[in-house]
Amino acid sequence: MSSRTAAPVRPVRTDTGEPDLAALRAAVRDWCAANVPAGWQERQTGASHEEFVRFQREWLGTLRAGGLAVPHWPADYGGGFSLAEQAVIFEELARAEAPRLVLHFVSLHHAAATLLDAGTAEQRERHLPAILDGEVWCQGFSEPEAGSDLASLRTRAERRGDVYVVNGQKVWASLAMYADWCLLLARTDPDAPKRRGISYFLMDMRSPGLTVRPIRQAGGEEHFCEIFLTDVEIPAANLIGPENDGWRVAQRTLNTERGATMVELAERLAVGFGRLVDLARRTTGPDGSPMADDSAVRDHLARLATQVRALRLLVARAVAEAESDVPAAGALASVIKLYYSELLQRVTGYGVEIAGPAGQRAARRPMSAGWESGAWLLDFIGSWEWTIPGGTSEIQRSIIGERALGLPREPGLA
């Protein structure tokens, strides 16, 4: 993969100094037309692990050369686009059906946001340039008995001189088998209340005592992993934020899954819905006519179209509020995350229904795609993943109830 144009995309300003979003949109659209690899979906379908990693690294390099790898980062680190400009960039990448940076998602969003918010100057200078060079991160939050309820985690970190010695187990760590570093939560004060006594670490995945075991999923993929930690030593210099303040820092990490990244995900879902409409037009029903001609199918598609439009409007509202002085609704990010994850299931589930038995023969999907690839059965199975990371649907409903509706907090959470 090579970039066919060397001119990077830069922020565009009007004569008054305001962002020229229309001009930026045209520039990103032109860049995508020149640089999105033709036929990448076919090449990534059935790709080996090595081919997947190589493709992801090359695509990151192409985006970096085009100035589009990290528009959400500060200008000093290669970004500098406003939130409204970021929305334009993510929308156009989605509409161009560009590959998703699946391998680098945690690195570019979770790790970067955490470092920028709570990291030391030394930690930022060490890791942010390395992330742009392809350093891969995973997230060590969930545990076998602390998935949705992260405050119940049991992995223990004990301070011994200049290091913390860590023992425990993590699970559902996305693509940890490729990771160079891990964002790790561990309990440093076992006697503190649930949400206190947790610390946040940067863990080198080459540390002695670490074992990574991929988890084979229902769709045949091995996206998630288990991580086993036996007397793993983490330098005290790799602590993020104060000791025992990891819960607060972790909220910044989790907010990236409920925040600006939803712009791209919502737009990709809209593209996936377009594929669903095309499927209904191509697929014939029992009477030999296109299923799109059936009034019940049209009604169902219309309902989904309304919901996709509502999602995009919610995301646009969140962007507008973040750019203005208007206080954002306390639970809007959770509303968007909840609505997106469950709408994704409805869209892909209806794709399985429309495709019928033929659609259930799909055995592979593009490895660098989202869950709107058009391999409907595998997309639907994979869509259930999105109701879990960044806080399950149940957790999102609790947040909405407490922050938006003023309901009392669930007892026992201190």
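One can find the structure itself at the top, above this paragraph.
Residues numbered from 1 in each chain as written. Predicted model: local features only at pLDDT ≥ 70, side-chain atom pairs only at ≥ 80, totals over all residues. Heavy atoms only, no water.

Draft legend 1. Broad picture of the overall build of the chain. Summing up its helical and strand segments, the chain has twelve helices and eight strands in all. Projected onto the principal axes, the alpha-carbon positions of the chain cover approximately 75 × 50 × 50 Å. Counting only residues that meet the buried cut, the chain has 51% of its 414 residues in that class. For the chain, the exposed surface amounts to about 18400 Å²; the carbon and sulfur share of it is 52%. Side chains of the chain give 45 positive and 53 negative charges; the mean places of these two sets differ by 2 Å. (Helix = DSSP H or I, 4+ residues; strand = E, 2+ residues; numbered from the N terminus. Buried < 20%, exposed > 50% of the residue type's maximum accessible area, 1.4 Å probe, protein only. Areas by Shrake-Rupley, 256 points an atom, 1.4 Å probe, with all protein chains shown as cover. Lys, Arg positive; Asp, Glu negative; His and termini not counted. Charge placed at Lys NZ, Arg CZ, Asp CG, Glu CD.)

Draft legend 2. Structural detail: helix α9 (residues 295–323). For α9, with 29 residues, the first-to-last C-alpha span of 42 Å sits near the 42 Å given by 1.5 Å per residue. Residues of α9 that are buried: V297, L301, L304, Q307, V308, L311, L314, V315, V319 and E321. As for α9, its buried residues are in contact with α4 (83–95), α8 (261–282) and α10 (332–359). (Expected span 1.5 Å × (residues − 1). Contact = heavy atoms within 4.5 Å.)

Draft legend 3. Examining the pattern of salt bridges more closely. For the structure on display, the rule yields 19 salt bridges. In this structure, E92 engages R95 in a salt bridge whose closest nitrogen and oxygen atoms are separated by 3.3 Å. Linking E92 with R95, this pair stays in helix α4, spanning three residues, or about one helical turn. We classify E92 as buried; its relative accessible area is 3%. By relative accessible area, R95 is classed as partly exposed at 35%. In this structure, D204 engages R206 in a salt bridge whose closest nitrogen and oxygen atoms are separated by 2.9 Å. Counted as one network, the salt bridges with shared partners bring together R25, R29, E91, E92, R95, E267 and R312. (Salt bridge = Lys/Arg side-chain N within 4 Å of Asp/Glu carboxyl O.)

Draft legend 4. The state of the cysteines, seen in detail. What the rule picks out here adds up to zero disulfides. With no disulfide of its own, C138 lies 3.8 Å from the sulfur of C182, the closest cysteine sulfur. By relative accessible area, which is 0% here, C138 ends up buried. Residue classification places C182 among the buried positions, given a relative accessible area of 0%. (Disulfide = S-S within 2.5 Å.)

Draft legend 5. Expanded view of the packing of aromatic side chains. Under the defined criterion, the tally for this structure stands at nine aromatic pairs. The ring of Y339 carries the charged tip of R346 above its face, separated from the ring centre by 5.9 Å. (Phe/Tyr/Trp six-rings, centres within 6.5 Å; stacked < 30°, edge-to-face > 60°. Lys NZ or Arg CZ within 6 Å of the ring centre and 35° of its normal.)

Draft legend 6. Region of interest: the environment of Q41. With respect to the helices and strands, the residue Q41 is situated in helix α2 (residues 40–44). Residue class for Q41 comes out partly exposed when judged on its relative accessible area of 23%. Sequence-wise, Q41 and A369 are 328 residues apart; in three dimensions their C-alpha atoms are separated by 7.5 Å.

Draft legend 7. Structural detail: the pairing of strand β4 (residues 181–187). For β4, the tally of buried residues reaches seven of seven residues, placing the bulk of the element in the interior. Alternating positions in β4 separate into two faces, W181, L183, L185 and R187 on one and C182, L184 and A186 on the other, with burial throughout. In the sheet, strand β1 (residues 137–140) pairs with β4 via four bridges, with the strands oriented parallel. Directly across from Q139, in β4, lies its bridge partner L183. One ladder, built from seven bridges, connects β4 with strand β5 (residues 198–204); its direction is antiparallel. Paired with A186 across the two strands is S199, which belongs to β5. (Pairing = 2+ DSSP bridges.)

Draft legend 8. Structural detail: the packing of α4 against α9. Viewed as axis vectors pointing N to C, α4 and α9 meet at an angle of 155°, and their least axial separation amounts to 9 Å. Between α4 and α9, the angle falls in the class roughly antiparallel. Each of L83, A84, A87 and R95 in α4 lies in contact with α9, whose residues at this interface are R312, V319, A322 and E323. (Axes fitted to C-alpha atoms, helices over the stretch in contact; angles between N-to-C directions. Parallel < 35°, antiparallel > 145°, perpendicular 65-115°, else oblique.)

Draft legend 9. Inspection of a negative patch on the surface at higher detail. A surface patch of like charges, here negative, comprises D287, D293, D294 and D299. Position of D287 relative to the elements: it lies in the loop between α8 and α9. (Patch = residues over 30% accessible without salt bridge, like charges linked within 9 Å, V, L, I, M, F, W, Y side chains within 5 Å.)

Draft legend 10. Highlighting the packing of helix α1 (residues 21–35) against α4. Relative to each other, α1 and α4 sit at 30°, their axes nearing to 9 Å. Handedness of the α1/α4 crossing: right-handed. On the side of α1, the interface is formed by L21, L24, R25, V28, R29, W31 and C32, while α4 contributes A84, E85, V88, I89, E91, E92, L93 and R95. Here the residues of the contact of α1 with α4 are counted per class, giving nine nonpolar, no polar and six charged. (Left-handed = near helix turned anticlockwise from the far one by under 90°. Nonpolar A, V, L, I, M, F, W, Y, C, P; charged D, E, K, R; others polar.)

Draft legend 11. Quick peek at the environment of V165. For V165, the position within the fold is in strand β3 (residues 163–170). By relative accessible area, which is 4% here, V165 ends up buried. As a C-alpha pair, V165 and R309 span 144 residues in sequence and 49 Å in three-dimensional space. In this structure V165 touches R156, A157, E158, R160, D231, V232 and E233, once residues within four positions along its chain are discounted.

Draft legend 12. Broad picture of the side chain of T114. Turning to its location among the elements, T114 is positioned in helix α5 (residues 105–118). T114 has contacts with G119, L183, Y200, I240, V249 and T253, leaving out every residue within four places of it along the chain.

Draft legend 13. Focus on unusual backbone geometry. Despite not being glycine, D231 has its phi angle at roughly 50°, a positive value. Locating D231 in the fold gives a position in strand β7 (residues 224–235). Among the residues examined, D231 registers a relative accessible area of 47% and is labelled partly exposed. A positive phi angle, near 75°, is found at N244, a position not held by glycine. By the secondary structure assignment, N244 is in the loop between β8 (239–240) and α7 (246–255).

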